[in-house]
Amino acid sequence: MPSPHQHGHDAGERLFVHRHTRIHSLPAEVKVVAMVAFIFTVIATPIEQFWAFGVYALMLIAVAAVARIPATVILPRMLVEVPFVLFALLMPFFGTGATVNVFGVTLYQAGLLAGWGILIKGTLGVVCSILLAATTPARDLLLGLERLKVPQLIVQITSFMLRYTHVVGDEMNRMRVARESRGFHATGIGSWPVIARSAGALFIRSYERGERVHLAMLSRGYTGRLPELTPYTTTSADWTTAMVLPAAGLLIALTAWWIQK
Amino acid sequence: MTSTLKISGLAYAYPDGYQALFGVDLDIQRGERVALLGPNGAGKTTLVLHLNGILAGGVGSVEVAGLTVEKENFQEIRRRVGIVFQDPDDQLFMPTVHDDIAFGPANMGVTGDELEARVSEALDLVGMAEFSDRPPHHLSFGQRRRVAVATVLAMRPEILVLDEPSSNLDPASRRELADILRGLDITMLMVTHDLPYALELCPRAVILSGGVIVADGVTRDIMMDDVLMKENRLELPYGFDPRNVPA
């Protein structure tokens, strides 16, 4: 995806689409809270109220428009939900109770409805997280999680994972080149033991690197907490802006329940 | 006058029983640049890890600018002793160059504008100012090594300890790093197998062999002592003669 200025290709930055919009500038923790709250309202909406999901979809399209994230970015990334979609598509074929005939195929109504529920709620959730990842650099996301009181240990582990994905990946690549340079070609199950031993060696190497990194951290005064390096201010305006989405979602969900009764 | 580094009778055996150091004595004065030479397995890394208390529990003592290396002083000792490890990927673990350089001083309680000032000062010293916001893996190996030096300079250490600073560098990066190191006004202990580099940068050299200091003197004199060099598995590169190097 061409963008005005791309800042790199980290494991975490690859998903980020650099823009200067209000949504990009919101603090990460605000966006995380807004997204989770919105997803909850979507999940809580009765699946029979089809119109509600149409409105939810429009709301997310509006968010994408404000954040200037084009469909060409969002649609390909939605492929991650394909395995779940397959599951949802199977549901109408199994079940009990009332059936409908679609082009000569017998489908169960309950299964159809449940499949639709999984499909639409899942899709809305996926689009939400795509929007979050496209508007928030991975590093800010981690800072946001830290401010939301996610345990330091988990935040640190994730942050090291982002930092060292490339280093370990390079190492893996060098090992592959070394294997192939000595005539090894992965062909079928017979080559699995070799691959497995390589994986073991890679694990040991990464583990040893972990120890060396820890030494380097101790040498610079690490005491178990990463220091807060980026001073931040989250204003009430940030919260108000971000909460527009879940608040509107809540309104829709309540209306849907009211009609449902 | 207190020495910047004073090691007395330091002996250490690893928990598995392997004894690496057998009574090391070393005294380094303020502003000195000293090369620590020795064959593989001589105990160089073990010695380095004693300087800031990562390894401890043997016999003898280490003092940094008058402060004994012991558990109560670790935080201050780790500010005073800046170790640059051999693999910059081990040293640079934060998401950006800026954050990595800020890590040490922030652990020492430096915050706000003072922290930013430390970071830019350290970046300027190694000529990497424009790379502040880059993730480390976008840098070349030589650049990463320079940033690794900056991460410890930001702590304003009393002594800079470099483990194989010239390893894996191409000749231009190697020379650039030498220029940077020569320009620093700081006490330095450099562990290296790169003897021309040691001669270029360090007026004084010590040889650690078999867990003891076997020689301590002017770098050029040590390198011209063929018997001493041979006994300690030290060899000058082909065609290199210390006599031809301008003093």
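Anyway, here's the lowdown on the structure attached to this text. (Residues numbered from 1 in each chain as written. Chains lettered and ligands numbered in written order. Predicted model: local features only at pLDDT ≥ 70, side-chain atom pairs only at ≥ 80, totals over all residues. Heavy atoms only, no water.)

## Some remarks on the packing of helix H5 (residues 82-90) of chain A against helix H6 (residues 109-135) of chain A
Residue and element names in this part refer to chain A. The criterion, for reference: Axis definition: a line fitted to C-alpha atoms, limited for helices to the stretch in contact. Angles are taken between N-to-C directions and run from 0 to 180 degrees. Numbering goes from the N terminus for both helices and strands, where a helix is a DSSP run of H or I of at least four residues and a strand is a run of E of at least two. In what follows, roughly perpendicular refers to angles from 65 to 115 degrees, roughly parallel to angles under 35, roughly antiparallel to angles over 145, and oblique to any angle outside these ranges. With the far helix as reference, a near helix turned anticlockwise by less than a right angle produces a left-handed crossing, and one turned clockwise produces a right-handed crossing. Residues are treated as being in contact if the distance between any of their heavy atoms lies within 4.5 Å. Residues are grouped as follows: nonpolar covers Ala, Val, Leu, Ile, Met, Phe, Trp, Tyr, Cys and Pro; charged covers Asp, Glu, Lys and Arg; every other residue, Gly included, is treated as polar.
Interhelical geometry of H5 versus H6 gives an angle of 165 degrees and a closest axis separation of 8 Å. Judged by the inter-axis angle, H5 sits roughly antiparallel to H6. In the packing of H5 onto H6, the handedness of the crossing is left-handed. Taking contact as the criterion, the partners of Val85, Phe87 and Ala88 in H5 are, on H6, Gly115, Ile118 and Leu119. A breakdown of the residues in the contact of H5 with H6 according to their chemical character gives 5 nonpolar, 1 polar and no charged.

## Re the pattern of salt bridges
In plain terms, the rule: By convention in these notes, a salt bridge is any Lys or Arg side-chain nitrogen within 4 Å of a carboxyl oxygen on Asp or Glu. Summary of the burial criterion: residues with accessible area below 20% of their type's maximum are buried, those above 50% are exposed, and those between are partly exposed, where the area comes from a 1.4 Å probe applied to protein chains only.
A full pass over the atoms with the stated rule returns 26 salt bridges over all chains. In this structure, arginine 118 of chain B and glutamate 114 of chain B form a salt bridge, with 3.3 Å as the shortest nitrogen-oxygen distance. Pair noted here: arginine 118 of chain B and glutamate 114 of chain B are both in helix H5 (residues 112-125), with a separation of 4 residues, about one helical turn. Of the residues examined, arginine 118 of chain B reaches a relative accessible area of 11% and is grouped as buried. Here glutamate 114 of chain B falls in the partly exposed class, since its relative accessible area comes to 40%. When the shortest N-O distance is used, the salt bridge between aspartate 216 of chain B and arginine 204 of chain B registers 2.9 Å. Here aspartate 216 of chain B is found in strand E10 (residues 212-218), whereas its partner arginine 204 of chain B is found in strand E9 (residues 204-209), with 12 residues between them in sequence. According to the relative accessible area criterion, arginine 204 of chain B is buried, its value standing at 14%. Members of the salt-bridge network, linked through shared partners, are Glu171, Arg205, Arg209 and Arg212 of chain A together with Asp87 and Asp90 of chain B.

## What to know about the pairing of strand E4 (residues 59-64) of chain B
Residue and element names in this part refer to chain B. For clarity, the cut-off: By this definition, two strands are paired if DSSP reports at least two bridges between them.
Pairing between strand E1 (residues 5-13) and E4: 5 bridges, direction antiparallel. In the strand pairing of E4, alanine 11 is matched with valine 59. Alignment of E4 against strand E5 (residues 67-68), held across 2 bridges, turns out to be antiparallel. In the strand pairing of E5, valine 64 is matched with leucine 67. Between E4 and E5, which pair antiparallel and follow one another directly, the connecting turn spans 2 residues, one of which, alanine 65, has a positive phi of 45 degrees.

## So, helix H8 (residues 152-181) of chain A
Condition: Helices are assigned an expected span. That span is 1.5 Å times one less than the residue count. The term bend refers to the angle at a residue between two fitted axes, each drawn through seven residues, those ending there and those starting there.
With 30 residues, H8 of chain A extends 43 Å between its outermost C-alpha atoms, agreeing within 8% with the 44 Å of an ideal straight helix rising 1.5 Å per residue. If you look at H8 of chain A, its biggest bend is around 45 degrees, right at tyrosine 164 of chain A. For H8 of chain A, every residue scored as buried is listed here: Gln152, Val155, Gln156, Ser159, Phe160, Arg163, Tyr164, Val167, Glu171, Met175 and Arg179 of chain A. On the buried face of H8 of chain A, the contacting elements are helix H7 (138-147) and helix H9 (192-219) of chain A together with helix H3 (88-91) of chain B. A positive phi of about 85 degrees marks glycine 183 of chain A, the residue just after H8 of chain A.

## Concerning the interface of chain B and chain A
Rule in force here: Computed with a 1.4 Å rolling probe, the buried area is the accessible surface lost when two parts are put together, summed over both parts. Under the rule applied, a polar contact is a pair of N or O atoms within 3.5 Å (in protein, one hydrogen donor and one hydrogen acceptor; residues adjacent in sequence only if both atoms are side-chain atoms).
Facing the 32 residues of chain B at the interface are 27 residues of chain A. Interface area for chain B against chain A, summed over the two sides, is near 2500 Å², with a carbon-plus-sulfur share of 58%. Counting the contacts that link chain B with chain A gives 6 salt bridges. The partner of arginine 163 of chain A in a salt bridge is aspartate 89 of chain B, and the shortest N-O contact between them spans 3.0 Å. Inspection of the region where chain B meets chain A yields 13 residue pairs in polar contact (both at pLDDT 80 or more). At the level of secondary structure, the elements contributing two or more residues to the side of chain B that touches chain A comprise helix H2 (74-80), H3, helix H4 (97-107) and helix H6 (141-153) of chain B. Here the side of chain B that touches chain A gets 7 residues from one element, more than from any other, and that element is H4 of chain B.

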